[in-house]
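What follows is each chain in one-letter form.
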Amino acid sequence: MYQSGDTIYALASGFGTAGVAVIRVSGPAVLTVLEKLCGLKNPKSNYAYFRTIHSGKKTLDKGLVLYFKAPHSFTGEDVAELQIHGGRGVIQAIQQALSEIPGLRPAERGEYSRRAVINGKMDLTEAEGLLDLVHAETEEQRKQALAQLDGNLGQLYESWRKQLVHHLAYAEAFIDFPEEEIPPEKEQEINRDIADLIQKISAHLSDDRRGERLREGFQIAILGVPNVGKSSLINALTKREVAIVSQTAGTTRDIVEAHLDVAGFPVILADTAGLRDSSEEIEAEGIRRAVKRAEQADLILDIQDATDYPKAKKLPKALNKKRIITLWNKSDLSNKKTTTKEHFISAKTGAGIATLWNEIKQILSDSFSGGAAITRERYRVALTECVTHLQSALDAPALELKTEDLRLAARALGRITGRVEVDELLDVIFRDFCIGK
Ligand SMILES: Nc1nc2c(ncn2[C@@H]2O[C@H](COP(=O)(O)OP(=O)(O)OP(=O)(O)O)[C@@H](O)[C@H]2O)c(=O)[nH]1
Ligand SMILES: [Mg+2]
């Protein structure tokens, strides 16, 4: 089992005063730490001990001490967890005592997970899933992160890679040992599998970035001419005074954001500067930002004045392809007959706001539904690269000309999970062929 020389320690719980704090120690000196600080000799793995924690003759705290023997721990190394009282002074005193033990140093950012990956306790996608789980703010983010931590993506990519490695082994063997009998239908089978993989990975890639958007937040931009009630709407939607409302046209200059949890989905709602031709420098910059934000948005709320109905002000052409909901605001001032197809709302009275929320919720659940989604740009890049290599492997006229592309395709997938074992190819060859005979 891999043991990096240093034993590392860090506060695993959050900063700030709390009832309990957890300090985690990982590495070869863990047993020394338990003996020196807790007077614990030969502790049983996976047991909790209630101990006095001391440094020399000085008592520091009392707490629960747990020991996880390598390799059955988070990092795969010997690990101890000290569950102590959460006061700043207690934490400081115990960290100080730890730093005085030879071979110990504070952990670097992500070092526990890094060691866990190196020791084969989790692959890179699982480690990234763990990171997302720690940062999950909404229910749907939590679900996605937990699924990833459980290996849903890692296993998928790994199964694809294993399939490629298997075919690669055959192709290599064909070159290295031409006297070995390769069944003629083998090449067809390989081509069929490659075509099948291309199709599967391409389908996985065309997911509308929903996995990434769930991590980053669904962007909604409120757009419209000055004074139509954009800022009033963001306030009505959030039930807070997020933005300044005034009858002066051109009140909002910069983008005003509100982060919301909508039915478990993270939503970033943005109020923007009213769109009009403005020669005033600051306002013009605000308008430029408004359009830019709308270009990046997943949904645009196009606010129109109900008293002008049905004459709508046009949005910039660049936004034509965007998903847009047109809302006729200030319905309380209008007595025009309308069809039920139109959205009439009043940011002032709240009319139509509940209906709008329902529609947004529907859009959210539609756009995030589906199976395992790609959660990071780095996966997307590697998968795209994989498809490119698979395509040229498929196009290659002979089996021996496919090996290099198959290898590159497999390597691209291996980069995602971080599992690219050198001996693996030989393992497959030795398992499936009787080369040593
Ligand atoms: N009667 C009525 N007045 C509204 C409604 N919504 C907004 N207003 C009023 O319209 C004026 C402009 O509202 P804002 O929310 O500041 O408009 P805005 O679109 O953000 O304007 P800019 O930031 O200048 O682009 C204010 O006086 C609001 O009180 C509504 O639904 N009904
Ligand atoms: Mg405004």
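Just so we're clear, the structure is a prediction, and the values are computed from it rather than from any experiment. (Residues numbered from 1 in each chain as written. Chains lettered and ligands numbered in written order. Predicted model: local features only at pLDDT ≥ 70, side-chain atom pairs only at ≥ 80, totals over all residues. Heavy atoms only, no water.)

**Q** So what exactly am I meant to see when it comes to the site of ligand 1 here?
**A** Close to ligand 1 lie 23 residues, the nearest being K230, S232, G250, T251 and D332. In the model, an oxygen atom of ligand 1 is placed 3.2 Å from a nitrogen or oxygen of the G274 main chain. A347 has a polar backbone atom sitting 3.0 Å from an oxygen atom of ligand 1. Relative to its free-state accessible area of 660 Å², ligand 1 is covered by the protein chains to the extent of 90%. In a pocket analysis with a 2 Å cut-off to the grid points, ligand 1 is assigned to the second largest pocket. (Near = heavy atom within 4 Å. Polar contact = N/O pair within 3.5 Å; in protein donor to acceptor, adjacent residues only side chain to side chain. Areas by Shrake-Rupley, 256 points an atom, 1.4 Å probe, with all protein chains shown as cover. 1 Å grid on protein atoms, 1.4 Å probe; cavity = no way out; pocket = protein on both sides within 12 Å on 5 of 7 lines; lining within 4 Å. Sits in = over half its atoms within 2 Å of the grid points.)

**Q** Mind showing me how you'd approach the layout of surface pockets here?
**A** Here the largest pocket defines a volume of roughly 1100 Å³. Looking at the largest pocket, it is lined by 31 residues, and the ones nearest its centre are L11, E108, R109, G110 and Y112. Contributions of two or more residues to the lining of the largest pocket are made by strand 1 (7–11), helix 2 (88–99), helix 3 (111–118) and helix 4 (124–135). The residue inventory of the lining of the largest pocket, partitioned by class, reads 14 nonpolar, 10 polar and seven charged. As a volume, the second largest pocket reaches approximately 420 Å³. Around the second largest pocket, the lining is made up of 25 residues, and of these N227, G229, S232, V245 and K330 lie nearest the centre. Among the elements that take part in the lining of the second largest pocket, helix 9 (residues 230–238) stands out by supplying three residues, more than any other. Broken down by class, the residue content of the lining of the second largest pocket amounts to seven nonpolar, 14 polar and four charged. (Points joined across faces, edges and corners; volume = space filled by probe spheres on them. Helix = DSSP H or I, 4+ residues; strand = E, 2+ residues; numbered from the N terminus. Nonpolar A, V, L, I, M, F, W, Y, C, P; charged D, E, K, R; others polar.)

**Q** Would you take a moment to explain the coordination of the magnesium ion (ligand 2) for this structure?
**A** Geometry reference: four tetrahedral donors at a metal, ideal angle 109.5 degrees. Six octahedral donors, ideal angles 90 or 180 degrees. Donor atoms from the polypeptide that bind the magnesium ion (ligand 2) are S231 (OG) and T252 (OG1), placed at 2.0 to 2.1 Å. In this pair, S231 is assigned in helix 9 and T252 in the loop between helix 9 and strand 8 (256–262), connecting sequence segments 21 residues apart. Its relative accessible area of 8% is what places S231 among the buried residues. (Donors = N, O, S within 2.8 Å, 3.2 Å for Na, K, Ca; no water. Buried < 20%, exposed > 50% of the residue type's maximum accessible area, 1.4 Å probe, protein only.)

**Q** Teacher, can you tell me more about the packing of helix 6 (residues 152–176) against helix 7 (residues 185–205) here?
**A** Between two packed helices, both the angle of their axes relative to each other and the distance between the axes serve to describe the pair. Where helix 6 meets helix 7, the axes come as close as 11 Å, and the angle between the chain directions of the two elements is 155°. With respect to each other, helix 6 and helix 7 are oriented roughly antiparallel. Crossing of helix 6 against helix 7: the hand is left-handed. Touching L153, L156, Y157, W160, Q163, L164, H166, H167 and Y170 of helix 6 are K186, E189, I190, D193, L197, K200, I201 and H204, all from helix 7. A breakdown of the residues in the contact of helix 6 with helix 7 according to their chemical character gives nine nonpolar, four polar and four charged. (Axes fitted to C-alpha atoms, helices over the stretch in contact; angles between N-to-C directions. Parallel < 35°, antiparallel > 145°, perpendicular 65-115°, else oblique. Left-handed = near helix turned anticlockwise from the far one by under 90°. Contact = heavy atoms within 4.5 Å.)

**Q** Is there a simple way to explain the packing of aromatic side chains in this structure?
**A** Within a pair of aromatic rings, the relevant descriptors are the distance that separates the centres and the angle that separates the planes. Applying the stated criterion across every chain, the model contains seven aromatic pairs. With centroids separated by 5.1 Å and ring planes inclined at 15°, the aromatic side chains of F265 and F368 adopt a geometry described as stacked. In this pair, F265 sits in strand 9 (residues 265–271) while F368 sits in the loop between helix 11 (353–367) and helix 12 (377–395), placing the two residues 103 residues apart along the sequence. With 4.9 Å between their ring centres and 90° between their planes, Y309 and W328 make a pair best called edge-to-face. Highlighted residues: Y309 in the loop between strand 10 (299–305) and strand 11 (324–329) and W328 in strand 11, separated in sequence by 19 residues. Residue classification places Y309 among the buried positions, given a relative accessible area of 12%. When the ring centre of Y112 is taken as reference, the NZ or CZ atom of R24 above it lies at 5.4 Å. Against the face of Y170 rests K186, its NZ or CZ located 3.8 Å from the ring centre. (Phe/Tyr/Trp six-rings, centres within 6.5 Å; stacked < 30°, edge-to-face > 60°. Lys NZ or Arg CZ within 6 Å of the ring centre and 35° of its normal.)

**Q** So what exactly am I meant to see when it comes to the environment of F50 here?
**A** Tracing the backbone through its elements, the reader meets F50 in strand 3 (residues 47–55). Filtering out sequence-adjacent residues up to four positions away, F50 remains in contact with K62, G63 and L64.

**Q** Before we go on, may I ask you to explain unusual backbone geometry in this structure?
**A** Only a minority of non-glycine residues have a phi that is not negative, and only a minority of peptide bonds are not trans. A cis geometry characterises the amide bond from A70 onward to P71, with omega recorded as 5°. The topology assignment puts P71 in the loop between strand 4 (58–68) and strand 5 (79–86). Y309 connects to P310 through a cis peptide bond whose omega is 0°. Positionally, P310 belongs in the loop between strand 10 and strand 11. Residues other than glycine seldom take positive phi values, yet N46 does so here, at roughly 65°. Along the chain, N46 turns up in the loop between helix 1 (30–38) and strand 3. In the Ramachandran plot, N227 falls in the positive-phi region, its phi being about 75° despite a non-glycine side chain. Locating N227 in the fold gives a position in the loop between strand 7 (218–224) and helix 9. Given a relative accessible area of 33%, N227 falls into the partly exposed group.

**Q** I keep staring at the sheet that holds strand 2 (residues 18–26) and nothing clicks. Help me out?
**A** Backbone-to-backbone hydrogen bonds pair the strands of a sheet. The strands run either parallel or antiparallel. Read across the open sheet, the six strands follow the order 3-4-5-2-1-6; overall the sheet is mixed. Where the open sheet ends on each side, the last strands, each with one partner, are strand 3 and strand 6 (104–106). Within this sheet the neighbouring strands show an average axis-to-axis angle of 30°, counted without direction. As paired strands, strand 1 and strand 2 are joined by four bridges and run antiparallel to one another. Looking at the pairing, L11 lines up with I23 of strand 2. Contacting strand 1, strand 2, strand 3, strand 4, strand 5 and strand 6, helix 1 crosses the sheet at an angle of about 65° to strand 3. Set on the sheet, helix 3 makes contact with strand 1, strand 2 and strand 6; between it and strand 1 the angle comes to about 135°. (Pairing = 2+ DSSP bridges.)

**Q** In this structure, what is going on with the domain arrangement of the protein? I would like to understand it.
**A** When the parts of a complex come together, some accessible area is lost, and that lost area is often taken as the interface size. The domain boundaries assigned to the protein delineate domain 1 (7–121), domain 2 (148–207 + 375–432) and domain 3 (217–364). Summarising the inter-unit geometry, the C-alpha centres of domain 2 and domain 3 are found 48 Å apart. (Domains from an automatic or database assignment.)

**Q** Explain the pattern of salt bridges here, please?
**A** Two side chains of opposite charge can pair, provided their charged atoms sit close to one another. Overall, the coordinates contain 31 salt bridges when judged by the stated rule. The partner of E77 in a salt bridge is R115, with the nearest N and O atoms 3.0 Å apart. With E77 in the loop between strand 4 and strand 5 and R115 in helix 3, the pair connects residues that are 38 residues apart, well separated along the chain. The exposure class assigned to E77 is buried, which follows from its relative accessible area of 0%. In this structure, E280 and R253 form a salt bridge, with 3.2 Å as the shortest nitrogen-oxygen distance. (Salt bridge = Lys/Arg side-chain N within 4 Å of Asp/Glu carboxyl O.)

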